[in-house]
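# Understanding the architecture of this molecule
Chain residues, written in single-letter form:
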Amino acid sequence: MSLYFFAWAASILYGLEGILTKITSRHFVKNPWLFIFIWLFFILVGTLPLALYFGIGIPSHWLYIILASIAYTMAGIFFTLGLYQIDVSVMGPLGNFRTPIAVLAGAIFLGEILTFGQYLIIALIFTCGIFASLDENLHIKSFFSRGIGYTILGMIALLFLSIFIKKSVALTSFWDTNLWMMLLGQIWLCATIPLFKKEIKTLTGKQYGMMIAPAFVGIFGTLFANAAYANNVSIATTIIALPVSMFFVFLASFYFPELIEKHTLKVYAVRFIAAAIMIIAALNL
């Protein structure tokens, strides 16, 4: 299968995963730390049979797997904390920050030279990101929130995750990298147990089900994404960053306004226009 198939599949599945996570956070599980731990745990459990089927072993190179597991854990934490506080239709466009963040990282850490035009494009993307987060009052201050900050940190973690996965797969194998990365990530998350240990005892079957659903979707989203990253980080990042979830949320706002979010057409128009400009700008970086 091609890079483009993996990347587009991951983009769609991540969009659906974000919507299911938002529904769970609004109506079923209020503690984000509890959600993060159980969500990633079920992703690990669901990945294990696939890894065993395709064959796994003890990796001979651990450095990039360990680094990937840290980035994987931080990305899961930051994205969940962000999604608990901002709309899915805001989270989607902000995915386009990944491209300028990657370009800036190359300039800072690898000494790559950027042109004046590239700096203008980066400034345009960040400016449109501000408009994509506007609410009914159209106040720019809505961008400068904790949820937006968490989301940006999650994208930085995802950038490092994609780099470490590509390096690890080159030294070991796809399934060894994914399974051991997830297993180590779950171990790191054990440090957060005191933040939810009392609540986990009171969970109902419905609450577990609502955490398993995004985990199940996330299993395939993560595997498709990692397969795409292993082929080409830049192209995969651009496609996966597309705000697919925005279209689902926009349609749902008409039929199920209380389920996820509900805004005026003016707000959605601003967010869609800003997202479109961000996508075009990111493709030209």
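Whatever comes next refers back to the structure up there.
Attention in this report is confined to the structure presented alongside it. (Residues numbered from 1 in each chain as written. Predicted model: local features only at pLDDT ≥ 70, side-chain atom pairs only at ≥ 80, totals over all residues. Heavy atoms only, no water.)

Once that is clear, we can look at empty space enclosed by the protein. If a probe the size of a water molecule is rolled over the atoms, the empty space left behind becomes visible. Following the criterion strictly, the structure yields 2 cavities of 30 Å³ or more and no others. For the largest cavity, the calculated volume is near 610 Å³. Around the largest cavity, the lining is made up of 31 residues, and of these Tyr14, Glu17, Gly18, Phe79 and Arg98 lie nearest the centre. For the lining of the largest cavity, a count of residues per class yields 18 nonpolar, 11 polar and 2 charged. There is about 50 Å³ of room inside the second largest cavity. Lining the second largest cavity are Arg98, Met155, Leu158, Leu159, Ser162, Tyr229 and Thr237. If one sorts the elements of the lining of the second largest cavity by residue count, helix H7 (residues 146-171) sits on top with 4 residues. (1 Å grid on protein atoms, 1.4 Å probe; cavity = no way out; pocket = protein on both sides within 12 Å on 5 of 7 lines; lining within 4 Å. Points joined across faces, edges and corners; volume = space filled by probe spheres on them. Nonpolar A, V, L, I, M, F, W, Y, C, P; charged D, E, K, R; others polar. Helix = DSSP H or I, 4+ residues; strand = E, 2+ residues; numbered from the N terminus.)

The next point concerns helix H6 (residues 116-132). Relative to the 24 Å expected for 17 residues at 1.5 Å per residue, H6 spans 24 Å between its end C-alpha atoms, a close match to the ideal helical length. The complete set of buried residues in H6 reads Gln118, Ile121, Ile122, Ile125, Cys128, Gly129, Ile130 and Ala132. The inward-facing, buried residues of H6 abut helix H4 (88-94), helix H5 (98-109) and helix H12 (265-283). (Expected span 1.5 Å × (residues − 1). Buried < 20%, exposed > 50% of the residue type's maximum accessible area, 1.4 Å probe, protein only. Contact = heavy atoms within 4.5 Å.)

A few words on the environment of Glu17. Looking at the element boundaries, Glu17 is found in helix H1 (residues 3-27). With 34 residues separating them along the chain, Glu17 and Ala51 place their C-alpha atoms 21 Å apart. Not counting chain neighbours up to four residues away, the residues in contact with Glu17 comprise Trp39, Ile43, Pro214, Val217 and Gly218.

We now examine the pattern of salt bridges. Applying the stated rule across the entire model yields 2 salt bridges. Notably, a salt bridge pairs Asp87 with Arg271, separated by 3.2 Å at the nearest N-O pair. Note that Asp87 is positioned in the loop between helix H3 (63-83) and H4 and Arg271 in helix H12, a separation of 184 residues in sequence. Exposure remark for Arg271: the relative accessible area of 2% places this residue in the buried category. A salt bridge links Arg271 to Glu261, with the nearest nitrogen and oxygen atoms 3.8 Å apart. Residue Arg271 is located in helix H12, and its partner Glu261 is located in the loop between helix H11 (244-255) and H12; the two are separated by 10 residues in the primary sequence. Glu261 matches Arg271 in its accessibility class, with the two residues each being buried. (Salt bridge = Lys/Arg side-chain N within 4 Å of Asp/Glu carboxyl O.)

Considered as a void within the structure, the largest pocket measures approximately 510 Å³ in volume. What lines the largest pocket is a set of 19 residues, and nearest its centre among them are Ala102, Gly106, Leu110, Leu159 and Ile163. When contributions to the lining of the largest pocket are tallied by element, the ones reaching two or more residues are H5, H7 and helix H10 (233-240). Across the lining of the largest pocket, the residue classes break down as 12 nonpolar, 5 polar and 2 charged. Of the voids in this model, the second largest pocket is the one considered here, and its volume is about 170 Å³. Around the second largest pocket sit Phe6, Leu50, Phe54, Phe174, Trp175, Phe220, Leu223, Phe224 and Ala227, which together line it. At the level of secondary structure, the elements contributing two or more residues to the lining of the second largest pocket comprise helix H2 (32-54), helix H8 (174-189) and helix H9 (205-231).

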